[in-house]
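# Structural description and commentary
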Amino acid sequence: MGKTQKTAEASLEHLRRVFTVPEAPDSTLARLDAEISQNLHGFLNERIVATRRSLADIEQDFRDARIPEQPVFVSEQADFLLEKVVAESVHTASPAFVGHMTSALPYFMLPLARIMIALNQNLVKTETSKAFTPLERQVLGMLHHLVYARDDAFYAQYLQDSRHALGAFCSGGTVANLTALWVARNNALPADGDFEGVAREGLHRALAHYGHADAAIVVSRLGHYSLNKAADVLGLGRKSLHAIEVDAHNRVDLARLERVCNELAARRVKILAVVGLAGSTETGSVDPLAAMADIAQAHGAHFHVDAAWGGPTLFSRRSRRLLAGIERADSVTLDAHKQLYVPMGAGMALFRDPAAMRAIEHHARYIIREGSRDLGSKTLEGSRPGMAMLVHSALRILGRRGFELLIDTGIDNAAWFAAELRRAPDFELTSEPELNILTYRYVPAGARQALARADAGGAARINAVLNRVTCDIQRLQREAGKSFVSRTRLRLPAWPDEAVDVFRVVLANPLTGRRVLADILHEQRALAATPPVAALLAELDASSAPAAPRRDP
Ligand SMILES: *Cc1c(COP(=O)(O)O)cnc(C)c1O
């Protein structure tokens, strides 16, 4: 019994030690720090994307459902993390990792992020965040200025005014889109006489009160799937998200958009929002925002622009004209963990009208009182970290000019890569890069000729084989671990009835030079010559052969 007590005593002592910041510089903490830094440095400077170990194999290290009974030493856990997790994670900062919207971080994020973790502020309330609250409001103001460029008097009045909000900071583009559409829904169905508004009464009574047969959101077919989630969560249902066909440049087809809006209006369906894309996730295309603003206005609909990816293009004096019309949006989504280069978990919904967010304000007596400065009354999420601190740091340390250079470099690299692909006899550029995203596929000369000769049925068969070639090359390249491109399915103007598989390249890492891109094509050519892929391509040559007698009756 005495022994048990001693253990409990020792454990509490141990716990107290774990919760105390060590003072001595030569402490366990310093040693741990050094070891982790050295290891991370080694990992981040490796020029590979991932090891060859399969996920199924890695799962074996993470099968135990029981929580360990006895504590393990911090050093033991650190060793486990370095060996089993860090070593088997994906090197998203690699210059050859060009398949996703997650890329390198500037090095200063690592030390500055420690401030955030050490202070552990909670932005839900000023009582738990103090200076972090005005800082977050300033960050929202800076990005509001980037998009809407209102005058100094406007920002002097609203930036720190607790009764208004220029936007909501959140964990990413998904929550930003949801927040914007939530505001759109509530403002479209407000309180009216005895009716207390959709926020209190729900969608069913709101539609009945206003005499709407239904409610809808309209967006191009390339809209991000977070919009589907938003339609679902907001009680509209995913079928209420109307996907509009795109033109040959992957921009929303305006004539179709207008037709669908008119049809919805004729059926007494309330259009809650028209959503424009400023940098679609798959092709980086930008919708004609100014014309969409006109259509939204004509239908009395909220105009939202999903600029999660492309928003920072506004930093570029040369390219910001691509987003002309974004300043007419009622709301804009920005993802800070994409092209603002901060760690994962930061996004924003900005609102042109500083009073727009009143439609979703919630108050709680014990925590967020009316008229308080607490940001928690206007955000979907409750407790939130001080991520705005890192956005603030990036904006100051890189400056507008730094961001402009990053954006211009990515766009230039994409244009250069597109030119290489156009010139190559064995690759086909499948979407022109408008920003820094492009798609392409491997189509050797034989397949190209066969496609040119084929009728619709023949083309479908050839494309089916090419799809397998694309998927195989992409998988083999990923498994080899030297570089990474992603893949997606697109409908191309030449084959409008069937989607084809294409490689997708996202160029946001400033360390990704032209040499790296040339090497990626080189590797893909080599993979096309390996036995499994070569066999597929041979099948194609054989199947296109019977076409010859047909031309010779
Ligand atoms: C990435 C992205 C989103 C979703 O953002 P998350 O941060 O992944 O939640 C929404 N829209 C677009 C256009 C995106 O590129």
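What this report covers is the structure whose coordinates are included nearby. (Residues numbered from 1 in each chain as written. Predicted model: local features only at pLDDT ≥ 70, side-chain atom pairs only at ≥ 80, totals over all residues. Heavy atoms only, no water.)

### Observations regarding the sheet that holds strand S9 (residues 437-442)
- The antiparallel open sheet is built from four strands, whose spatial order is S8-S9-S11-S10. Edge positions in the sheet fall to strand S8 (427-431) and strand S10 (486-492), since each has one partner strand and no second. Strand-to-strand twist of the sheet, defined as the mean angle between neighbouring strand axes without regard to direction, takes the value 45°.
- Bridge analysis of S9 against strand S11 (residues 495-506) gives four bridges, and the strand direction is antiparallel. Following the sheet pairing, Thr-439 is matched in S11 by Arg-504.
- Against the sheet, helix H14 (residues 388-423) engages S8, S9 and S11, with an angle of about 20° to S9.
- Along the sheet face, helix H17 (residues 514-528) touches S8, S9 and S11 and points at about 25° away from the line of S9. (Pairing = 2+ DSSP bridges. Helix = DSSP H or I, 4+ residues; strand = E, 2+ residues; numbered from the N terminus. Axes fitted to C-alpha atoms, helices over the stretch in contact; angles between N-to-C directions. Contact = heavy atoms within 4.5 Å.)

### Let's talk about the environment of Asn-39
- Topologically, Asn-39 is positioned in helix H2 (residues 28-45).
- Of the residues examined, Asn-39 reaches a relative accessible area of 30% and is grouped as partly exposed.
- Spatially, the C-alpha atom of Asn-39 lies 9.8 Å from that of Glu-83, the residues being 44 residues apart in sequence. (Buried < 20%, exposed > 50% of the residue type's maximum accessible area, 1.4 Å probe, protein only.)

### Comments concerning the packing of aromatic side chains
- Applying the stated rule across the entire model yields 11 aromatic pairs.
- Feature note: the residues Phe-417, Phe-427, Tyr-440, Tyr-442 and Phe-503 constitute an aromatic cluster, connected by ring pairs. (Phe/Tyr/Trp six-rings, centres within 6.5 Å; stacked < 30°, edge-to-face > 60°.)

### As for the environment of Gly-310
- Turning to its location among the elements, Gly-310 is positioned in the loop between strand S5 (302-306) and strand S6 (331-335).
- With a relative accessible area of 0%, Gly-310 lands in the buried category.
- On a C-alpha basis, the gap between Gly-310 and Leu-435 in space is 7.6 Å, while along the polypeptide they are 125 residues apart.

### So, unusual backbone geometry
- Positive phi is not limited to glycine here, since Asn-120 has a value of about 45°.
- Residue placement: Asn-120 occurs in the loop between helix H5 (109-119) and helix H6 (132-148).
- The phi angle at Asn-250 is positive, at roughly 65°, despite the residue not being glycine.
- Tracing the chain through its elements places Asn-250 in the loop between strand S3 (241-244) and helix H11 (254-266).

### What to know about the packing of helix H16 (residues 456-480) against H17
- H17 packs onto H16 with a crossing angle of 115° between their chain directions and a minimal axis gap of 10 Å. The interaxial crossing formed by H16 with H17 has right-handed handedness. Here Ile-473, Leu-476, Gln-477 and Ala-480 of H16 lie close against H17, whose contacting residues are Ile-520, Glu-523, Gln-524, Leu-527 and Ala-528.
- Of the residues belonging to the contact of H16 with H17, the class tally is six nonpolar, two polar and one charged. (Left-handed = near helix turned anticlockwise from the far one by under 90°. Nonpolar A, V, L, I, M, F, W, Y, C, P; charged D, E, K, R; others polar.)

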